[in-house]
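Coordinate analysis (summary)
Below, each chain spelled out in residue letters.
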Protein chains: 2
Amino acid sequence: MSTKIFLNEQDIPRQWYNLAADLPTPMQPPLGPDGNPISPEMLAPVFPMNLIEQEMSQERWIDIPEPILELLLRWRPSPLHRARYLEKALGTPARIYYKNESVSPAGSHKPNTAVAQAWYNKQFGIKRLTTETGAGQWGSALSFACSLIGLECKVFMVRISFDQKPFRKTMMQTWGGQCIASPSEETQAGRDVLAKYPDTPGSLGIAISEAIEAAVSDESGQTRYSLGSVLNHVLLHQTIIGLEAKKQLVIAGEKKVDVVIGCAGGGSNFAGLAFPFINDKINGADIDILAVEPASCPTLTRAPFIYDHGDIAKMTPLLPMHSLGHAFVPPPIHAGGLRYHGMAPLVSQAAVEGLITPESIMQLECYEAAMLFAQTEGMIIAPETSHAVAMAIRQAKQAKEEAKEKVIVFNLSGHGLMDLNGYDAYMSGKLFNYSLPQEDLDKSLEAIKGHPPVTAAKTGKW
Amino acid sequence: MSTKIFLNEQDIPRQWYNLAADLPTPMQPPLGPDGNPISPEMLAPVFPMNLIEQEMSQERWIDIPEPILELLLRWRPSPLHRARYLEKALGTPARIYYKNESVSPAGSHKPNTAVAQAWYNKQFGIKRLTTETGAGQWGSALSFACSLIGLECKVFMVRISFDQKPFRKTMMQTWGGQCIASPSEETQAGRDVLAKYPDTPGSLGIAISEAIEAAVSDESGQTRYSLGSVLNHVLLHQTIIGLEAKKQLVIAGEKKVDVVIGCAGGGSNFAGLAFPFINDKINGADIDILAVEPASCPTLTRAPFIYDHGDIAKMTPLLPMHSLGHAFVPPPIHAGGLRYHGMAPLVSQAAVEGLITPESIMQLECYEAAMLFAQTEGMIIAPETSHAVAMAIRQAKQAKEEAKEKVIVFNLSGHGLMDLNGYDAYMSGKLFNYSLPQEDLDKSLEAIKGHPPVTAAKTGKW
């Protein structure tokens, strides 16, 4: 009784799918500090021009360069698994499948875009990448990619994670990356913060500021900045997940998919699985596509669609997205990768268009789901992924009630071997449920009250 | 350019290979306290009779029961990789392959025997398994297996590892296993030690004593003990590694293998890859089969072939093996899985027969190899595995000098994501080379001076 569906290497997708080409309403452009759309040239000190062009592209299919394919083939195509043992435990007539992105050497889906970004930067003559990392997943993935391609990599890691998760730093160093606690003495932004708050635990906002400053202030012009989620080109690179999954579902004999599920923080793993299915949906298929976020950080389910900065320090342009406000302080839940105030513009727009259904879920249900998954399917998953599993279980139970043979597919975005402290906290009874109080949300949104709304007019191209 | 060679699920081997059937000199039996061969019945309180029969079997091929195949198929066949990027970095004409056992949910080869042992125990009506674990790899694997099969699992974990590696405990608990610091108050053996040395860091010897006592003292008769290496049936279950690898090498177009390499602690991952190739060697093939151990714990390279206990507390029968002496105190190297005083009797006998070549290697060369592997092949490997990688690199360099197109295969026994403290110590310059001083070896061997030698006479069956 087979549980794994492999795709042959020669059948790996050779193009990425760009949802921007198919959205009923065109994507709105990012805005500069003056409220006007920014030009590609304004981004040139931050990103290489080949990626800026990709960020703006309206082409539906974009060829994956052969050298990137070769990099991806080191661990791809990733297996699709049939969750037969979970199904049995639930007694559901649903057939549950999961795409296993934990098989990459860095343990998550993040290397899909990390190797692509590193390659495009190298092509453009760049020698060095900077980035920030919170929990460490993205910093590890970019260090891994730079190691394979031959770029230097400098990662600004939020101080508190740097201290609490020393092994993430070790992973980056093993791949030759440099990992620095943020705020640091290396940038003006870091020095300013340290002068005022020498004992600060740091924040993603500060780390982003430092990483961007470190990139743009390199006078040789050979350093650029790299981001692991949110932006269009990042989501584009992740669509190989869903494109592979669709081929594997055909191999598994499935003619129709009913429910597609991904957890959503910045949006990249969700988009990776979901966007190719949104394409089907736009073409008439009847599919529920669920983006699952923590109730403590309810960006898609409760925040407005508005122009906002991607970082607390307002270094980035204003992006059209669902946002809790760039000054939002995420509560201390254990899914570090889902604690982001904004949501990728493409995912936000898809939600506004009604192409996907946002859902939020509490922490304890997620861990309960992760424990059941470990004891049936055998794999210990990342806390982020547990949001997708919990929703898949809800859907499978509903299918049981309705006695329906639903086909459910979710993205197993990463393993949890570097996040076992969360499991320990759960088993020790130290975790609790937390839904963002309305007054906290209101207060956070106050800071972006004057920001321009995102019009839904069918205008605006970059 | 493909780097992964998959085996289709339907081509998974359906029999294990038993080297005992093919050794020129028959294996000698274990001896009881009186110096006489022990009977199967004497082992019955410790192991279920179906595994005792397997331990004694002289059959060359043993069918893998269908339910065990189904368990193995959750992650097997494991991929064979061609190490093209490592080859390129070395500029070697050798073709290097590695069997990737890190893909199991527990992250190593250990689940291959864990699921088999759990299944045989369940078949025999057993409800509960006990075991010991040092670094935590085996305890995790058995907890994983018991979770899938529906057995209780109690793991006695050496106190110092229990405190230093809390995440291993969390892994076991996530799979429903119970993990107890050893020495504990749960057994007489543990209480005796605690009364004398309340602050003891524990040892594998004490933990084995506790696990065996906890099994044999259960008056319901429904508890048995399980061991993760050394014994014949454990090595038997691991031979699926080499049997798969041989099929995959044929798919890769290799007509001849020149060198087979595995790291050797108790012997199980080495045997798993190597034994099926020893079969070829016995039948005339020209293959170098290298068992690589740390110079700090040189069981095969410097210890005598003698009857000795498997544990410090002398709870086990006398086994015919290479042994540094059961009271040997391993030095603090970072490859916890290779710090064992003895070597599996089957591996020991193969060494005595000249079928395999033991090699020892220093710690720094191993970590240097692991770093190169991470930065070329992309994977962070277990410190144990680094011994095999270091030897593969030596062989590849030699092939370069000789301008020979050698085919080298090694076993990537596990990933290193739970062992990053070793990498950190290496990169911080805190590790050093250490070869066991002769006087320490002599002193350790003093304690087993009166033990019977293992005769090489062609006699003795159980």
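Keep in mind it's a predicted model, so treat the numbers as computed, not measured. (Residues numbered from 1 in each chain as written. Chains lettered and ligands numbered in written order. Predicted model: local features only at pLDDT ≥ 70, side-chain atom pairs only at ≥ 80, totals over all residues. Heavy atoms only, no water.)

For chain A, the helix and strand inventory stands at 19 helices and 15 strands. Here the C-alpha coordinates of chain A stretch approximately 60 × 50 × 45 Å along the principal axes. Within chain A, counting contacts between residues at least 6 apart in sequence, those at least 24 apart form 77% of the total. If you average the places of the 40 positive and of the 48 negative side-chain charges in chain A, the two averages end up 4 Å apart. (Helix = DSSP H or I, 4+ residues; strand = E, 2+ residues; numbered from the N terminus. Contact = heavy atoms within 4.5 Å. Lys, Arg positive; Asp, Glu negative; His and termini not counted. Charge placed at Lys NZ, Arg CZ, Asp CG, Glu CD.)

Residue and element names in this part refer to chain A. Looking at chain A, pLDDT values average 94 and 98% of them are 70 or higher. Segment residues 457–462 is flagged for pLDDT under 50; beyond a separation of four residues in sequence, or across chains, it makes 16 contacts in the model. Here the prediction assigns the complex a pTM of 0.96, and the interface score ipTM is 0.95. (pLDDT = per-residue confidence, 0-100.)

Below, the discussion takes up the pattern of salt bridges. By the definition in use, this model includes 38 salt bridges over all chains. For Glu446 of chain A, the salt bridge identified is with Lys449 of chain A, shortest N-O distance 3.6 Å. On the basis of relative accessible area, Lys449 of chain A is assigned to the exposed category, the value being 65%. For Glu66 of chain B, the salt bridge identified is with Arg14 of chain B, shortest N-O distance 3.2 Å. Taken as a pair, Glu66 of chain B in helix 3 (residues 66–72) and Arg14 of chain B in the loop between strand 1 (4–5) and strand 2 (15–17) lie far apart in primary sequence, 52 residues in all. You can call Glu66 of chain B exposed: its relative accessible area is 53%. (Salt bridge = Lys/Arg side-chain N within 4 Å of Asp/Glu carboxyl O. Buried < 20%, exposed > 50% of the residue type's maximum accessible area, 1.4 Å probe, protein only.)

Attention now goes to the packing of aromatic side chains. Considering all chains together, one arrives at 21 aromatic pairs over all chains under this definition. Taken together, a centroid distance of 4.7 Å and an interplanar angle of 40° make the contact between Phe6 of chain A and Phe6 of chain B tilted. Here Phe6 of chain A, found in the loop between strand 1 (4–5) and strand 2 (15–17), pairs with Phe6 of chain B, found in the loop between strand 1 and strand 2, and the two come from separate chains. With centroids separated by 6.1 Å and ring planes inclined at 70°, the aromatic side chains of Phe373 of chain A and Phe410 of chain A adopt a geometry described as edge-to-face. Of the two residues, Phe373 of chain A is situated in helix 16 (residues 363–376) and Phe410 of chain A in strand 15 (residues 407–412); the sequence distance between them amounts to 37 residues. Cluster of aromatic residues (ring-pair linked, three or more members): Trp75, Phe144 and Trp175 of chain A. When the ring centre of Tyr85 of chain B is taken as origin, the NZ or CZ atom of Arg74 of chain A, which lies over that ring, is 3.4 Å away. (Phe/Tyr/Trp six-rings, centres within 6.5 Å; stacked < 30°, edge-to-face > 60°. Lys NZ or Arg CZ within 6 Å of the ring centre and 35° of its normal.)

This part is about the relation of the copies chain A and chain B. Take chain A, turn it by 180°, move it 0.0 Å along the axis, and it overlays chain B with an RMSD of 0.0 Å. Look at the turn and shift together and you get a two-fold axis relating the two. Comparing contact sets, 100% of the residues at the interface of chain A also lie at the interface in chain B, consistent with an isologous, same-surface contact. (Least-squares fit on C-alpha atoms with pLDDT ≥ 70 in both.)

On to the sheet that holds strand 9 (residues 223–225) of chain B, then. Residues and elements named next belong to chain B. Taken together, four strands build an open sheet; the order of strands is 8-7-6-9 and the sheet is parallel. Looking at which strands have only one partner, the edges of the open sheet turn out to be strand 8 (178–182) and strand 9. Neighbour-to-neighbour, the strand axes of the sheet open up by a mean angle of 25°, direction not taken into account. Judged from the three bridges that link them, strand 6 (residues 128–133) and strand 9 form a sheet pairing that is parallel. Bridging across to strand 9, Thr130 finds its partner in Tyr225. The sheet contacts of helix 8 (residues 166–174) involve strand 6, strand 7 (152–158) and strand 8, and relative to strand 7 the element is tilted by about 175°. (Pairing = 2+ DSSP bridges. Axes fitted to C-alpha atoms, helices over the stretch in contact; angles between N-to-C directions.)

Here the focus is the sheet that holds strand 4 (residues 80–82) of chain A. Residues and elements named next belong to chain A. Strands sit in the order 1-4-5-15-10-11-14 across an open sheet of seven strands; the sheet is mixed. A single partner strand is all that each edge strand has here, and the edge strands are strand 1 and strand 14 (357–361). Sheet analysis places strand 1 next to strand 4, joined by two bridges and oriented antiparallel. Within strand 4, the residue paired with Ile5 across the bridge is Leu80. The strands touched by helix 16 are strand 5 (95–100), strand 14 and strand 15; relative to strand 14, the strand with the most contacts, the crossing angle is about 90°. Along the sheet face, helix 17 (residues 383–401) touches strand 5, strand 10 (259–263), strand 11 (288–294), strand 14 and strand 15 and points at about 155° away from the line of strand 10.

Residue-level contacts link 39 residues of chain A with 39 residues of chain B. Taken over both partners, the interface formed by chain A and chain B buries close to 3500 Å², and the fraction arising from carbon and sulfur atoms is 58%. The largest share of the area that chain A buries against chain B comes from Arg74, Thr174 and Leu417 of chain A, three residues that together contribute 18% of it. Inspection of the chain A/chain B interface yields two salt bridges. Here Glu9 of chain A ties to Lys4 of chain B by a salt bridge, and the two come within 2.8 Å at their closest N and O atoms. There are 18 residue pairs in polar contact (both at pLDDT 80 or more) connecting chain A and chain B. Taken together, the residues that form the side of chain A that touches chain B break down as 20 nonpolar, 12 polar and seven charged. (Buried area = accessible area lost by both parts, 1.4 Å probe. Polar contact = N/O pair within 3.5 Å; in protein donor to acceptor, adjacent residues only side chain to side chain. Nonpolar A, V, L, I, M, F, W, Y, C, P; charged D, E, K, R; others polar.)

Before going further, it helps to examine the pairing of strand 10 (residues 259–263) of chain B. Residue and element names in this part refer to chain B. For strand 10, the buried fraction is high: five of the five residues fall into the buried class. Neither face of strand 10 is exposed, since Val259, Ile261 and Cys263 on one face and Val260 and Gly262 on the opposite face are all buried. One ladder, built from five bridges, connects strand 10 with strand 11 (residues 288–294); its direction is parallel. Of the residues in strand 11, the one forming a bridge with Val260 is Ile289. With helix 13 (residues 268–282) bridging strand 10 and its parallel neighbour strand 11, the resulting β-α-β unit is right-handed. For strand 10 and strand 15 (residues 407–412), the ladder comprises three bridges, and the chain directions are parallel. Bridging across to strand 15, Ile261 finds its partner in Phe410. (Right-handed = clockwise from strand over helix to strand, strands pointing away.)

All names here are of chain A. According to the domain assignment, chain A contains domain 1 (4–9 + 63–107 + 232–446) and domain 2 (36–59 + 111–225). Around 2700 Å² of area is buried between domain 1 and domain 2 when both sides are counted, 67% of it from carbon and sulfur atoms. Joining domain 1 to domain 2, the criterion identifies one salt bridge. For Lys165, the salt bridge identified is with Asp419, shortest N-O distance 3.0 Å. Our enumeration of links across domain 1 and domain 2 arrives at eight residue pairs in polar contact (both at pLDDT 80 or more). Contributing elements (two or more residues each) for the side of domain 1 that touches domain 2: helix 3 (66–72), helix 11 (232–238) and helix 12 (240–251). No other element matches helix 11, which puts six residues into the side of domain 1 that touches domain 2. (Domains from an automatic or database assignment.)

Let us now look at helix 8 of chain B. Those residues of helix 8 of chain B not exposed but buried are Arg168, Lys169, Thr170, Met171, Met172 and Thr174 of chain B. Following helix 8 of chain B by one or two positions, Gly176 of chain B adopts a phi angle in the positive range, close to 85°.

The next subject is the state of the cysteines. All names here are of chain A. Scanning the entire structure with this criterion turns up zero disulfides over all chains. Cys263 provides the cysteine sulfur closest to Cys366, a residue in no disulfide bond, and the two sulfurs are 9.3 Å apart. The exposure class of Cys366 is buried, given its relative accessible area of 1%. (Disulfide = S-S within 2.5 Å.)

With that settled, consider the packing of helix 13 of chain B against helix 15 (residues 345–352) of chain B. All names here are of chain B. Close contact between helix 13 and helix 15 brings their axes to 11 Å; oriented N to C, the two are set at 45°. Overall, the two elements helix 13 and helix 15 adopt an arrangement that is oblique. As helix 13 packs across helix 15, the resulting crossing turns out to be left-handed. From helix 13, Phe270, Ala271, Phe275 and Ile278 reach across to helix 15, where they touch Leu346, Val347 and Ala350. Along the lines of polarity and charge, the residues of the contact of helix 13 with helix 15 split into seven nonpolar, no polar and no charged. (Parallel < 35°, antiparallel > 145°, perpendicular 65-115°, else oblique. Left-handed = near helix turned anticlockwise from the far one by under 90°.)

Regarding helix 18 (residues 420–427) of chain A, the residues found buried are Leu420, Gly422, Tyr423 and Ala425 of chain A. Looking at the buried positions of helix 18 of chain A, the neighbouring elements they touch are helix 16 of chain A together with helix 8 of chain B.

This part is about the pairing of strand 6 (residues 128–133) of chain A. Residue and element names in this part refer to chain A. When you tally the buried positions in strand 6, you get five out of six residues, the bulk of the element. Strand direction decides the pairing type here: strand 6 and strand 7 (residues 152–158), joined by six bridges, are parallel. The residue of strand 7 that forms the bridge with Arg128 is Glu152. Taking the sense of rotation as the criterion, the β-α-β connection linking strand 6, helix 6 (residues 137–149) and strand 7 turns out right-handed.

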